[in-house]
Amino acid sequence: MGDHVGDLNANLPCHSTGDPQLDKAIYQWITWDKNPRTRAQVEALLRDGRLDELRRRLCSRMSFGTAGLRAAMGAGFALINDLTVIQSTQGMYKYLAKCFPDLESRGLVVGYDTRGQEASSCSSERLGKLTAAVMLSKDVLVYLFSSYVPTPFVPYAVKKLGAAAGVMITASHNPKEDNGYKVYWENGAQISSPHDKEILRCIEESTEPWAEAWNENLPDVSPLRRDPLEDICRGYMEDLKSVCFHRELNTKTPLKFVHSAFHGVGHEYVQQAFRVFGFPPPIPVPEQKDPDPEFSTVSCPNPEEGESVLELSLRLAEKEGARIVLATDPDADRLAVSEQCDNCEWRVFTGNELAALLGWWMLFNWRETHPDPADTQRVCMMATTVSSKILQAFAQVEGFQYEETLPGFKWTGNKIHELEKQGKVVLFAFEESIGFMCGSVVRDKDGVSAAVVVAEMAAYLHSKNLTLSRQLANIFEIYGTHISKTSYVVCRDPPTIKRIFTRLRNWEGEAAYPKSCRGYSISHIRDVTTGYDSSQPNQKCVLPVTKNSQMVTFSFQNGIVATLRTSGTEPKIKFYTEFCAPPGKRDISSMEEELCKVTEALVEEFLEPDKNNLTRRSV
């Protein structure tokens, strides 16, 4: 069908573009897309002669990043819409059918958040129903949630129900224009290689929609559709008790908590989790507790941005006398926390600082119930390689195992699966972008469980006349101060990104990396994009090579570690720097000053030549 480009005149509002590849893509889109709004977008672009925009949308396809397929909603094979979700699910079916002879009976879990876009009429709910329809049309059992759910419910359901895989329709904390297609394997972890590559190959082989694929009403009438909402919510809340250690204390705490759902899915589920732990429900931010695809009260729906997007939460907390603010992102898989200090100023904890507190808390409670030192040797904690090394410092003192993975919980979740098969107990895992996994309820980051675990930790510390901030200082005194800084630049021009990283790899001649940065000596360099690591005897990376993303780490002689990497979900170059001091007192102000100097040196030396194509932000 896609080769009949000569029929364009009969189907399209204008003549051939003169570009055979583009003509074929246009013909396929107009022929296959049954959504009148996205079809009209392509027709309008063609009518207006916007060929470059048509090429951008139609002549490439999304690939799996650190969180699945993610892009703006709209017409085109490179964007999220009805047709690309149908194509993706058809590819999923073909690959799953090869991997699971019992796919029809094991089934697929499908969840969705509350995103939507009027211009394209491709809400998360609609895309979830189309995902279900594709599978149901092939007689596959589908567990389609009847309402929006937190992202962690999908991997939880995959494990609980014994499903072959799961799909969550979400773009998490991305701008309102975006949506995504997140895939989980039977082990409850996000897919990684080779599954992602094989699914993409199967998608390419299954681009023409099947007859029943567009029937979004099929889930409402098919006997193979199940609604797992009630059972999964009940099971999740019951299993959450495994990370509740002081319920009686929780019932008596005078602490108050404010929670913002950031216009997403988190309100109802965080309220339930607090009840499970014995707390009164947290005070919701009324303007942000209900779903709103426009995210109307925040400049961007990402609580990681800090005080600028937490303003409504902080003001409500001051009014209500609450000293702790908890904010889940729109799909409730990430958590931001702020605490009012004694001087009435608010401290918004970084993801690395929260990880130090949560890592300490999970180990503290493990030790309370497992006093035998041999039990601690079974424990493992994990972090991504761009996150703080604070858990490594814990492990060196306390004797448990520490593991590091590439950025993204798809790597973390699959590593957890391996470790648990070896008899290890993974107590805690995190990534610096406020993603936390407390216990083993879900093999992914989970803002719902993290929110209530932080609340219990705060209540316990309050009973000891301690705040979160004071306990963090205690942790740094014992294990060494860890000061980190995360910043990023927005870059919407892929050639600029390529130029920046090519320049780094050829700084002092071909294949010669920088030896210093504005006078700061570099001792080691690791480049996971090329597989180079100067610290290894064979100069090869221990971590997996990721050729489709950019990431270079510089270890400085003064003890600072800095990483530059491209985001897997947004048009950003992120840079992470951390200064790790040994245990004992250390002048924090001088550490912060030197860290800032090195961070600025990185920006000025490595990014300055392309500054006109970059917009800088700090976190």
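Residues numbered from 1 in each chain as written. Predicted model: local features only at pLDDT ≥ 70, side-chain atom pairs only at ≥ 80, totals over all residues. Heavy atoms only, no water.

**Here we look at the pairing of strand S7 (residues 257-260)**
Turning to step 1, where the next piece is worked out: Of the two faces of S7, the one carrying Phe257 and His259 and the one carrying Val258 and Ser260 are both buried.
Turning to step 2, where the next piece is worked out: Here S7 runs beside strand S9 (residues 324-328); their pairing, made up of four bridges, is parallel. Note on S9: the bridge partner recorded for His259 is Leu326. (Buried < 20%, exposed > 50% of the residue type's maximum accessible area, 1.4 Å probe, protein only. Helix = DSSP H or I, 4+ residues; strand = E, 2+ residues; numbered from the N terminus. Pairing = 2+ DSSP bridges.)

**Some details on unusual backbone geometry**
Turning to step 1, where the next piece is worked out: A cis amide bond links Ser193 with the next residue in sequence, Pro194, at an omega value of 5°.
Turning to step 2, where the next piece is worked out: In this fold, Pro194 is placed in the loop between strand S5 (178-185) and helix H9 (195-204).
Turning to step 3, where the next piece is worked out: Positive phi, normally seen in glycine, also occurs at Ser172, with a value near 55°.
Turning to step 4, where the next piece is worked out: With respect to the helices, strands and loops of the structure, Ser172 is situated in the loop between strand S4 (165-169) and S5.
Turning to step 5, where the next piece is worked out: Owing to a relative accessible area of 2%, Ser172 belongs among the buried residues under this scheme.
Turning to step 6, where the next piece is worked out: In this structure, Phe262 takes a positive phi of about 55° despite not being glycine.
Turning to step 7, where the next piece is worked out: Its place among the elements puts Phe262 in the loop between S7 and helix H13 (266-276).
Turning to step 8, where the next piece is worked out: Classification of Phe262 as buried rests on a relative accessible area of 0%.

**A short note on the pattern of salt bridges**
Turning to step 1, where the next piece is worked out: For the structure shown, the criterion picks out 42 salt bridges.
Turning to step 2, where the next piece is worked out: Where Glu398 meets Arg367, a salt bridge forms, and the shortest distance between an N and an O atom there is 2.8 Å. Of the two residues, Glu398 is situated in helix H17 (residues 390-398) and Arg367 in helix H15 (residues 351-369); the sequence distance between them amounts to 31 residues.
Turning to step 3, where the next piece is worked out: When its relative accessible area of 30% is taken as the criterion, Arg367 is described as partly exposed. (Salt bridge = Lys/Arg side-chain N within 4 Å of Asp/Glu carboxyl O.)

**Some details on H9**
Turning to step 1, where the next piece is worked out: Within the sequence span of H9, burial applies to His195, Asp196, Ile199, Cys202 and Ile203. Projection of H9 onto a plane perpendicular to its axis shows the buried side chains occupying an angular sector of 125°, all on one side.
Turning to step 2, where the next piece is worked out: For H9, the elements touching its buried residues are helix H5 (82-99), S5 and helix H18 (409-421). (Arc of directions from axis to C-beta. Contact = heavy atoms within 4.5 Å.)

**A look at the packing of aromatic side chains**
Turning to step 1, where the next piece is worked out: One pass over the full model with this rule turns up 23 aromatic pairs.
Turning to step 2, where the next piece is worked out: Judged by centre distance (5.8 Å) and plane angle (45°), the ring pair of Trp360 and Trp361 falls under tilted. Per residue, the accessibility class of Trp360 equals that of Trp361, and both read buried.
Turning to step 3, where the next piece is worked out: Aromatic side chains Phe428 and Phe430 sit 6.0 Å apart centroid to centroid with 10° between the ring planes, which places their arrangement in the stacked category. Accessibility assignment for this pair places Phe428 and Phe430 in one class, buried.
Turning to step 4, where the next piece is worked out: A cation sits over an aromatic face here: Lys138 above Trp210, 4.4 Å from the ring centre.
Turning to step 5, where the next piece is worked out: Here the guanidinium or amino end of Lys572 rests over the ring plane of Tyr488, the centre of that ring lying 3.9 Å away. (Phe/Tyr/Trp six-rings, centres within 6.5 Å; stacked < 30°, edge-to-face > 60°. Lys NZ or Arg CZ within 6 Å of the ring centre and 35° of its normal.)

**Thoughts on the sheet that holds strand S14 (residues 425-431)**
Backbone hydrogen bonds hold the strands of a sheet together, and the pairing may be parallel or antiparallel.
Turning to step 1, where the next piece is worked out: Taken in spatial order, the four strands of this open sheet run S13-S12-S14-S15, and their pairing is mixed. With partners counted over all chains shown, the strands left at the sheet margins are strand S13 (401-405) and strand S15 (435-438), one partner each. The average angle at which neighbouring strand axes cross in this sheet is 15°, direction not considered.
Turning to step 2, where the next piece is worked out: Contacting strand S12 (379-384), S13, S14 and S15, H18 crosses the sheet at an angle of about 170° to S14. (Axes fitted to C-alpha atoms, helices over the stretch in contact; angles between N-to-C directions.)

**A few points about the environment of Ala395**
Turning to step 1, where the next piece is worked out: You can see Ala395 is positioned in helix H17.
Turning to step 2, where the next piece is worked out: Once the C-alpha coordinates of Ala395 and Leu335 are considered, the two residues, 60 residues apart in sequence, prove to be 24 Å apart.
Turning to step 3, where the next piece is worked out: In this structure, Ala395 is in contact with Phe400 and Tyr402, ignoring residues within four places of it in sequence.

**Focus: the pairing of strand S20 (residues 551-556)**
Turning to step 1, where the next piece is worked out: In terms of burial, S20 is largely enclosed, as five of its six residues are buried.
Turning to step 2, where the next piece is worked out: Where strand S18 (residues 520-527) meets S20, five bridges bridge the pair, whose relative direction is antiparallel. The partner of Ile522 across the bridge, within S20, is Phe556.
Turning to step 3, where the next piece is worked out: Linking S20 back to strand S21 (residues 560-566) in an antiparallel pair, the connection comprises three residues, with Gly559 at a positive phi of about 100°.

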